[in-house]
Amino acid sequence: MKNWAIGNFTFRTPFFLASGTWGLGDSLLKYLTPEEVKLSIGAFITKGLSLEPMEGNPPPRLFETPCGLINSIGLENPGLKTYLEKYYPRLKTLQVPIIFNLHGKTLQEFFEMAEILAKYDVDGLELNISCPNVKEGGIFFSQRPELVYELVKGVRERFQKFLIVKLSPFGPVFEVAKAAEEARADALTVANTYPALGIVSYQPLQIIRGGLSGPAIKPLTLRLVFELSKEVNLPLIASGGILSGKDALDYYLCGAKAFQIGTANLIDPKAPVKISQEFETMVRKYEGLLNKSTS
Ligand SMILES: Cc1cc2nc3c(=O)[nH]c(=O)nc-3n(C[C@H](O)[C@H](O)[C@H](O)COP(=O)(O)O)c2cc1C
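Note that the structure is a prediction, hence the values are computed from the model and not measured.

Engineer: Now, about the overall build of the protein: what can you tell me, with residues and values included?
Structural biologist: Within the protein, the regular secondary structure consists of eleven helices and 16 strands. In terms of C-alpha radius of gyration, the protein reaches 18 Å, essentially the compact-globule figure of 19 Å for 295 residues. Taking the principal axes of the C-alpha coordinates as reference, the protein spans close to 50 × 50 × 40 Å. Residues classed as buried in the protein amount to 52% of the 295 residues present. Restricting the contact set of the protein to residue pairs at least 6 apart, pairs at least 24 apart contribute 69%. Only carbon and sulfur atoms are counted for the fraction: they give 54% of the accessible area of the protein, which is about 13,600 Å². Looking at charge distribution, the protein has the averaged site of its 32 positive side-chain charges lying 3 Å from that of its 30 negative ones.

Here you go:
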């Protein structure tokens, strides 16, 4: 696939590996050869990282539904500094751009992480705003466009490379997207998982509350991409139920400029290779249609 532009940045392919769906990332080369990584993956997005380590939620953490997956990982991670020391050096050997997915409990935590990462050789940041701000009584950053503006502006001042804001699919999505654009984000990921609940067992009654991903959410996120593409000028990176080249093409026709592969990795670790090949074939087949959609 020829190089792919996303705003002012260029990637080898338009397919990014979605945050959290490859664990800490060290298993990637167990399943994909370096050649496959090079040919199919535009960037690797790390698991969500915080300033301090987080234990995450007690089990059950994953629950399958007929066409989706509910996860309740609770943002477990070893903390940014440990990640940089223990895991990042090995990931760097993949020779693929690495984007750090970050979440913070306060603006300050986000800013501190951006400052640390500005000193490292990292390729980009993706800000997960679907997390509570403890300074404002636990309200999610994604509920407050003015907070998102402050967040992105502050991170932008500290970090000059590729900066993505990952939208939550609920709340004032359009206002948040515009706030991120005004504060000079480079791209938007549309979107995170949808709040959901599953019944794990009857006796004892056990429920799981978490985020729904996979094919079930694709039509919902597709609509969001379509509507957002008319509201903002930032490149949109689609994330939601991409399991085939056709899914990516659908997003492309609705205005997405790049795609994240998430749950598909958990079904088949070779998914990025298959999806990117299928997409390339479809792009060739529908070249006229694609030109029309972008003109
Ligand atoms: C097991 C699992 C863990 C995830 N962890 C994160 C995370 O740490 N940070 C984040 O921003 N998104 C996280 N996500 C959301 C995915 O990156 C992706 O945006 C979402 O699953 C929708 O895409 P999909 O339907 O292709 O999976 C996670 C999703 C799953 C399934």
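After that view of the structure, there is still more to cover.
Engineer: Now, about the sheet that holds strand β5 (residues 62-65): what can you tell me, with residues and values included?
Structural biologist: The four strands are arranged β5-β6-β14-β13 in an open sheet whose pairing can be described as antiparallel. Single-partner strands in this sheet number two, and they are β5 and β13 (194-201). Averaged over neighbouring strand pairs, the angle between their axes works out to 40° when direction is ignored. Bridging between β13 and strand β14 (residues 206-213) involves seven bridges; their strand directions are antiparallel. Bridged to P195 within β14 is G211.

Engineer: An account of the side chain of K218 is needed here, citing residue identities and associated values.
Structural biologist: Here K218 is to be found in helix α7 (residues 218-231). Ignoring any residue separated from it by four or fewer positions in sequence, one finds K218 in contact with G240, G241, D247, D250 and Y251.

Engineer: Account for the sheet that holds strand β8 (residues 124-128), with residues named and values stated.
Structural biologist: The parallel closed barrel is built from eight strands, whose spatial order is β3-β4-β7-β8-β11-β12-β15-β16. For this sheet, the mean angle separating the axes of adjacent strands, direction not counted, is 25°. As paired strands, strand β15 (residues 236-239) and strand β16 (residues 256-261) are joined by four bridges and run parallel to one another. Across the sheet, residue S239 finds its bridge partner in β16, namely Q260.

Engineer: How would you sum up the site of the ligand? Please name residues and give values.
Structural biologist: Surveying the vicinity of the ligand reveals 22 residues, the closest of which are S19, G214, S239, G241 and T263. A distance of 2.7 Å separates an oxygen atom of the ligand from a polar atom in the backbone of G241. G262 places a main-chain nitrogen or oxygen 3.3 Å from an oxygen atom of the ligand. Bound to the protein, the ligand loses 95% of the 610 Å² it would expose on its own. Within the shell around the ligand, the residues separate by chemical class into five nonpolar, 16 polar and one charged.

Engineer: Before we move on, could you go through the pairing of strand β12 (residues 187-190) and cite the residues and values that matter?
Structural biologist: Moving residue by residue along a regular strand, the side chains alternate between the two faces of the sheet. Of the two faces of β12, the one carrying A187 and T189 and the one carrying L188 and V190 are both buried. Of the strand pairs in this sheet, strand β11 (residues 162-166) and β12 are connected by three bridges, and their pairing is parallel. Note on β12: the bridge partner recorded for V165 is L188. Between the parallel elements β11 and β12, the chain passes through helix α6 (residues 173-182) in a crossover that is right-handed.

Calculation notes
- Residues numbered from 1 in each chain as written.
- Predicted model: local features only at pLDDT ≥ 70, side-chain atom pairs only at ≥ 80, totals over all residues.
- Heavy atoms only, no water.
- Helix = DSSP H or I, 4+ residues; strand = E, 2+ residues; numbered from the N terminus.
- Rg over C-alpha atoms; globule rule 2.2 N^0.38 Å.
- Buried < 20%, exposed > 50% of the residue type's maximum accessible area, 1.4 Å probe, protein only.
- Contact = heavy atoms within 4.5 Å.
- Areas by Shrake-Rupley, 256 points an atom, 1.4 Å probe, with all protein chains shown as cover.
- Lys, Arg positive; Asp, Glu negative; His and termini not counted.
- Charge placed at Lys NZ, Arg CZ, Asp CG, Glu CD.
- Pairing = 2+ DSSP bridges.
- Axes fitted to C-alpha atoms, helices over the stretch in contact; angles between N-to-C directions.
- Near = heavy atom within 4 Å.
- Polar contact = N/O pair within 3.5 Å; in protein donor to acceptor, adjacent residues only side chain to side chain.
- Nonpolar A, V, L, I, M, F, W, Y, C, P; charged D, E, K, R; others polar.
- Right-handed = clockwise from strand over helix to strand, strands pointing away.

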